[in-house]
Amino acid sequence: VGHCHPDIVKAAHEQNQLLNTNSRYLHDNLVDYAERLSKTLPEKLCIFYFLNSGSEANDLALRLARQYTKHEDVIVLDHAYHGHLTSLIDISPYKFRNLEGQKEWVHVAPVPDTYRGLYREDHEDSVTAYADEVKNIIEHAHKRGRKIAAFFAESLPSVGGQIIPPAGYFQKVAEHVHKAGGVFIADEIQVGFGRVGKHFWAFQLQGEDFIPDIVTMGKPIGNGHPLACVATTEEIAEAFAATGVEYFNTFGGNPVSCAIGLAVLEVIEKEHLQAHATEVGNFLMKILKEQQIKHPLIGDVRGCGLFIGVDLIKDQAE
C-alpha cells in the first residue's frame, strides 16, 4: 500500500505504545484480524495461523498437509521457489537444482506455460494435458509405493516467469491430488491481496468452483512488516491439533503485527487498490503490447492486474 503509508505507521505506533506480547496472551487484535481476513476468503478456509514470514507460512503448510494426509511426498511445479528454509529449498526446483538435487519425496510437474511450455496456445486442450502430467506423476509415485501429501504451487508462478495458468487447470489437478489422498496448497505470498485486480486472491482467477485446502500469505500482508499467515479448513486444523503438540510462535500474531495487518486491509479497501491494480495493469499491458508490435525481441506480454511479465526471445518461430 506504499512506503511508510501513514495509516500503517499510525496503527503500529499506537499499538506499540499499549502492548506487544506473544499470542499465548489473549488480545482482541488477533481475533479481529482473523475475522477481517476470513471475509476475503471462501467460507471453508476459516482457521488461521499467524507467523512472521512467507517461508514460515509455507513450512507450516507442509506440516499441516503431512499431518492431515499421513503422507510425505510433494508435487511442485518446475522452476518454483517457495522459501529459504531447508524444507522449502527441498521443494523449490529453482534452488535445489543448484544445490543438493531432488529428494526422493519431491516430484516436479511441468509449469503450465502456454507460451513456451510443453503444451502451447495451439494445443487442443492444454488444461487437460498439463493436469494429466500431474496425474502421471501420481500414478508413477504410487507404483513406487509412495504417497502424495500435497500439490504445492503459487497461484501464479512468479520466479518461473510470471505464468498465468489456463483456467480450469487447478480444478483438474485438485481432482487428481484429492483422489490420491493429498491436499492442494496455494502459495499467495507474491500474488495475493488484490494484486491481480479482478480478485482479492489469485487462485480465484481459476473460477468460483476452485478452493484450495490451504492458502499461504506473506510479503504484502504487512506492507513490509514481518507478518504471514496460513489459512486452512477445520478438518486439516483438527488433524494438526490432534497430535497434542500445539502450534506456537513467539512473534506470529502479536498485537502490533495484527494492528498492522488490519490497517493494510482497511487501506486496500478505502483506497480501492484492487480496482487501481486493474486499471494500472490494463494500461501497462496495453502499452507493452504496443511495444511488442514494434520489437521482435518481445515474444509475449502476459499478466493480470499488477502481475505482469514480458518474455524476451531470440527467435519468433522457435
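Residues numbered from 1 in each chain as written. Predicted model: local features only at pLDDT ≥ 70, side-chain atom pairs only at ≥ 80, totals over all residues. Heavy atoms only, no water.

Per an unreviewed UniProt entry, the protein carries the name AT2L2 lyase and comes from Pteruthius melanotis. In its Cofactor (unreviewed entry) section, the UniProt entry covering the protein states "pyridoxal 5'-phosphate". Checking UniProt for the protein, the heading Sequence similarities (unreviewed entry) contains the comment "Belongs to the class-III pyridoxal-phosphate-dependent aminotransferase family." (UniProt positions renumbered as here; feature names shortened; annotations may be inferred.)

Please set out helix 2 (residues 28–38) residue by residue, giving values where relevant.
Those residues of helix 2 that sit buried are Asn29, Tyr33, Ala34 and Leu37. The buried residues of helix 2 occupy an angular sector of 130 degrees when the element is viewed end-on, so they sit on one face. On the buried face of helix 2, the contacting elements are helix 1 (6–18), strand 1 (47–51), strand 6 (214–217), strand 7 (228–232) and helix 9 (255–270). (Buried < 20%, exposed > 50% of the residue type's maximum accessible area, 1.4 Å probe, protein only. Helix = DSSP H or I, 4+ residues; strand = E, 2+ residues; numbered from the N terminus. Arc of directions from axis to C-beta. Contact = heavy atoms within 4.5 Å.)

Outline the sheet that holds strand 5 (residues 183–187), supporting the account with residue identities and numerical values.
Strand order in the open sheet formed by seven strands is 1-7-6-5-4-2-3, and the pairing between neighbours is mixed. Both edges of this open sheet fall to strand 1 and strand 3 (106–109), since each of them pairs with a single strand only. Strand-to-strand twist of the sheet, defined as the mean angle between neighbouring strand axes without regard to direction, takes the value 20 degrees. Bridge count for strand 4 (residues 148–154) against strand 5 is five bridges, and the pairing is parallel. Opposite Phe152, over in strand 5, you have Ile185 as the bridge partner. Against the sheet, helix 2 engages strand 1, strand 6 and strand 7, with an angle of about 120 degrees to strand 1. (Pairing = 2+ DSSP bridges. Axes fitted to C-alpha atoms, helices over the stretch in contact; angles between N-to-C directions.)

How would you explain the packing of helix 1 against helix 9 if you had to name every residue and give the values?
With their axes 8 Å apart at the nearest point, helix 1 and helix 9 run at an angle of 155 degrees to one another. As judged from the angle between their axes, helix 1 and helix 9 are roughly antiparallel. The chirality of how helix 1 crosses helix 9 is right-handed. Between helix 1 and helix 9, the contacting residues are Asp7, Ile8, Ala11, Ala12, Gln15 and Asn16 on the first element and Pro255, Val256, Ala259, Ile260, Ala263, Val264, Val267 and Lys270 on the second. Here the contact of helix 1 with helix 9 is built from residues that sort into 10 nonpolar, two polar and two charged. (Parallel < 35°, antiparallel > 145°, perpendicular 65-115°, else oblique. Left-handed = near helix turned anticlockwise from the far one by under 90°. Nonpolar A, V, L, I, M, F, W, Y, C, P; charged D, E, K, R; others polar.)

How would you explain helix 6 (residues 126–143) if you had to name every residue and give the values?
A rise of 1.5 Å per residue sets the reference length of helix 6, with its 18 residues, at 26 Å; its end C-alpha atoms lie 26 Å apart and thus fit the reference within 8%. Where helix 6 is concerned, the buried positions are Ser126, Val127, Ala129, Tyr130, Ala131, Val134, Ile137, Ile138 and Ala141. Packing partners of the buried residues in helix 6 comprise strand 2 (73–77), strand 3, strand 4 and helix 7 (169–179). Two residues or fewer after helix 6 comes Gly145, characterised by a positive phi angle close to 80 degrees. (Expected span 1.5 Å × (residues − 1).)

Please provide a residue-by-residue account of the domain arrangement of the protein, values included.
Domain annotation of the protein identifies domain 1 (7–271) and domain 2 (276–312). Each of domain 1 and domain 2 has a C-alpha centre, and these two points are 26 Å apart. Taken together, the contact between domain 1 and domain 2 spans 16 residues of the former and 14 residues of the latter. Taking both partners together, domain 1 and domain 2 bury about 1200 Å²; carbon and sulfur atoms supply 58% of that area. By the criterion of area lost to domain 2, the three top residues of domain 1 are Tyr115, Gln162 and Arg195, representing 46% of everything that side buries. One can count one salt bridge joining domain 1 with domain 2. Notably, a salt bridge pairs Arg116 with Asp311, separated by 2.5 Å at the nearest N-O pair. Linking domain 1 with domain 2 are seven residue pairs in polar contact (both at pLDDT 80 or more). For the side of domain 1 that touches domain 2, the residue count by class is eight nonpolar, five polar and three charged. (Domains from an automatic or database assignment. Buried area = accessible area lost by both parts, 1.4 Å probe. Salt bridge = Lys/Arg side-chain N within 4 Å of Asp/Glu carboxyl O. Polar contact = N/O pair within 3.5 Å; in protein donor to acceptor, adjacent residues only side chain to side chain.)

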